[in-house]
Amino acid sequence: MRRVFFGFAVLGALALFGCGGDKGAGGGKDELVILWAQWQPADALQKLVDTYPGGIRVRVEQVPWAQYLDKRNTVWAGKSSEYDIIIGDSQWLGQGAEEKHYVDLTDWMKTAVKMDDITPAALAAYGEYPAGSGKYYAMPCESDGIGFAYRKDLFEDPKEMAAFRAKYGYDLAPPKTWGQFRDIAEFFTRPDQKLYGCALFYSKQYDSVTMGFEQVLWCYGGDWVDKNENPMGVINSPDAVRALEFFIDLKKFAPPGVVNYYFEETKNAFNTGQLAMAEEWFAFMPGINDPKTNKFFDHTGYFLSPGGPKGHYVSLGGQGMSISSYSKKQGEARKFMEWFAKQETQLAWAKLGGYTANINVLKSDDFKNAAPYNAVFSETVPLLKDFANNKVYQQLLDVSQEKLNAAVTGQLTPKEALDAIAQSQLKTLTQAGLVTSK
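First, a word on scope: everything that follows refers to the structure included in this document. One numbering rule holds for all chains: residues counted from 1, following each sequence as written. Local features are withheld for residues below a pLDDT of 70 in this predicted model, meaning they are given only at 70 or higher, and side-chain atom pairs are given and counted only at 80 or more; totals for whole chains, interfaces and linings count all residues. Values reported for side chains reflect all heavy atoms of the structure, with hydrogen atoms and water molecules removed beforehand.

**Some thoughts on the overall build of the protein**
Okay, step 1: Secondary structure counts use DSSP, requiring at least four H or I residues in a row for a helix and at least two E residues in a row for a strand, with both numbered from the N terminus. In terms of regular secondary structure, the protein is built from 19 helices and 9 strands.
Okay, step 2: Throughout, radius of gyration means the C-alpha value; the globule benchmark is 2.2 Å times the number of residues raised to the power 0.38. Scaling as 2.2 N^0.38, a compact globule of 438 residues should have a C-alpha radius of gyration of about 22 Å, and the protein matches this with 22 Å.
Okay, step 3: Expressed along its principal axes, the backbone C-alpha trace of the protein runs to roughly 70 × 50 × 40 Å.
Okay, step 4: Here the open area of atoms and residues is found with the Shrake-Rupley method and a 1.4 Å probe, where only the protein chains shown may cover a residue. Approximately 17100 Å² of the protein is accessible, and the part contributed by carbon and sulfur atoms is 50%.

**Overview of the pattern of salt bridges**
Pairing of side chains with opposite charge becomes possible as their charged atoms draw close.
Okay, step 1: Each salt bridge in this description consists of a side-chain nitrogen of Lys or Arg and a carboxyl oxygen of Asp or Glu lying within 4 Å of one another. Scanning the model with the defined rule gives 18 salt bridges in all.
Okay, step 2: A salt bridge links arginine 59 to glutamate 61, with the shortest nitrogen-to-oxygen separation between them at 3.1 Å.
Okay, step 3: A salt bridge links glutamate 186 to arginine 182, with the nearest nitrogen and oxygen atoms 3.8 Å apart. Residue glutamate 186 and its partner arginine 182 are both found in helix α9 (residues 178–187); the two are separated by 4 residues, about one turn of the helix.
Okay, step 4: In this structure, a network of salt bridges that share partners links the residues Glu31, Arg57, Arg59 and Glu61.

**Looking at the packing of helix α13 (residues 330–341) against helix α14 (residues 343–351)**
Okay, step 1: Taken N-terminus to C-terminus, the directions of α13 and α14 make an angle of 70°; their axes are 5 Å apart at the nearest point. Between α13 and α14, the interaxial angle falls into the category roughly perpendicular. Between α13 and α14, the contacting residues are Trp339, Phe340 and Ala341 on the first element and Gln343, Thr345, Gln346 and Trp349 on the second.
Okay, step 2: Think of it as three bins: nonpolar holds Ala, Val, Leu, Ile, Met, Phe, Trp, Tyr, Cys and Pro, charged holds Asp, Glu, Lys and Arg, and polar takes everything else, Gly as well. In terms of residue class, the contact of α13 with α14 is made up of 4 nonpolar, 3 polar and no charged. For helices, the fitted axis covers only the stretch in contact; all axes are lines through C-alpha atoms, and the angles between them, taken along N-to-C directions, range from 0 to 180 degrees. Should an angle fall under 35 degrees it is called roughly parallel, over 145 degrees roughly antiparallel, and 65 to 115 degrees roughly perpendicular, with every other angle called oblique. In what follows, residue pairs with any heavy atoms lying within 4.5 Å of each other are defined as contacts.

**Description of unusual backbone geometry**
Okay, step 1: With an omega of -10°, the peptide bond between tyrosine 129 and proline 130 qualifies as cis.
Okay, step 2: Here proline 130 lies in the loop between α6 (120–127) and β4 (139–151).
Okay, step 3: One non-glycine residue with positive phi stands out, namely lysine 194, at about 60°.
Okay, step 4: Residue position: lysine 194 is located in the loop between α9 and β5 (196–199).
Okay, step 5: Each residue is placed in one exposure class: buried if its accessible area under a 1.4 Å probe, protein chains only, is under 20% of its type's maximum, exposed if it is over 50%, and partly exposed if it falls in between. Residue lysine 194 is classed as exposed on the basis of its relative accessible area of 66%.

**So, the packing of aromatic side chains**
Okay, step 1: Each Phe, Tyr or Trp ring, with Trp reduced to its six-membered ring, pairs with another whose centre is within 6.5 Å; inter-plane angles below 30 degrees give stacked pairs, above 60 give edge-to-face pairs, and intermediate values give tilted ones. This structure, assessed with the given rule, holds 36 aromatic pairs.
Okay, step 2: Ring geometry for tyrosine 150 versus phenylalanine 155: centroids 4.8 Å apart, planes at 65°, classification edge-to-face.
Okay, step 3: Under the relative-accessibility criterion, phenylalanine 155 is labelled buried at 2%.
Okay, step 4: Just above the ring of tryptophan 92 sits the side chain of arginine 72; from NZ or CZ to the centre is 4.7 Å. For a ring to carry a charge above it, either NZ of a lysine or CZ of an arginine must fall within 6 Å of the ring centroid while also lying within 35 degrees of the normal to the ring plane.

**With respect to the pairing of strand β7 (residues 300–304)**
Okay, step 1: Where burial is concerned, most of β7 is hidden: 5 out of the 5 residues are buried.
Okay, step 2: With burial as the criterion, each face of β7 is covered, one bearing Thr300, Tyr302 and Leu304 and the other bearing Gly301 and Phe303.
Okay, step 3: Two strands pair when backbone bridges link them, and β4 and β7 are joined in this way by 5 bridges, in the antiparallel orientation. The residue of β7 that forms the bridge with glycine 147 is leucine 304. At least two DSSP bridges between two strands are needed for those strands to be called paired.

**Topic: α14**
Okay, step 1: Those residues of α14 that sit buried are Thr345, Gln346, Trp349 and Ala350. Around the axis of α14, the buried residues are gathered within 140° of arc, so they sit on the same side. Pointing more than 90 degrees away from the buried face of α14 are the exposed residues Glu344 and Lys351.
Okay, step 2: Buried positions along α14 lie against β1 (31–37), α2 (40–49), β4, α13, α15 (359–363) and α16 (365–368). To be clear, the arc concerns the directions from the helix axis to the C-beta atoms.

In structure tokens:
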């Protein structure tokens, strides 16, 4: 989950929850130190690791999101041993592996971890590099993905149900396809009542429009690159163009100003009653599942991100847990991670609010009943797919954000935007030596 920029949007909100964590210059010989960002999951992890029976204290050192990437860069540049484990964004994996900041965990994981218990999509996204290589530099820690909240009072109103069936010829229910999503968004768009059908991620903020669009892209048969990491003819393919046209078309069923919406704005619009459906990261669903802020709390439901005519994929978020190459306690770090990966530990992690990738825990009633959206999350995990996790992901992301938002705001046509992305990303990937065939 791309969370490096989130401090600017949520740092004040996090302070209300008392997020803190110990600060310091690393641990002594009887202490393992985990570097993570400052948010609720890190507080939950500290509660979990306080129960670690390994005979060594484990401390989660939290850094505000706004400074987290800078902190990581400082650690890597200085080859600092102050942190033993780093919980980093999925996109950090390529740089961490290629520049040898992360320990190669492949052989150890195959013997110490029940890898068959980990959802394959999460194992690949959070730990494997390069993709398909069978080499691992991280274990899943905090899984995440995109889901939707919806107004049950609208969907289950007999008059609305009858009117919808009369107009569209099928029953009103949470959509399973993007086509159904469009119908429902259109049906509930009533500007005179200050009600709109949906709000999606369209903003130019960090990764917003990229994460919002890419799952539609994949569902319509498109992709970012081919098997040789070449974007030309792929991200600007006819399927990709159709996907972007569809994604932009949904904008007319959203509130004014939606071109600036990301997770905070979709949440606020939903909580104030402006939306029938709202896109959101599961890690931020607690902001919707809050009776103090959501005026329709008692009438809120959740559904899986829809599928498309050529597949069903969901944008991935979340972080993996890696051992720092500069740690002087790598053996102890492995012992801790072996404990963290155990099913009973993952269940405890889930009960504290962490998002596990353990297949058995995801299927359990304990997990599904822990929050009203957890059952939907368990269905989401196998469908997760990532943007990129190579060493130039930030450059790739920068251009996709700029050009996709330009298409959303009407400055470029969908074809023009995708052609520009293809050309720019081909240059970036070629210069990085990642394209194996033009």
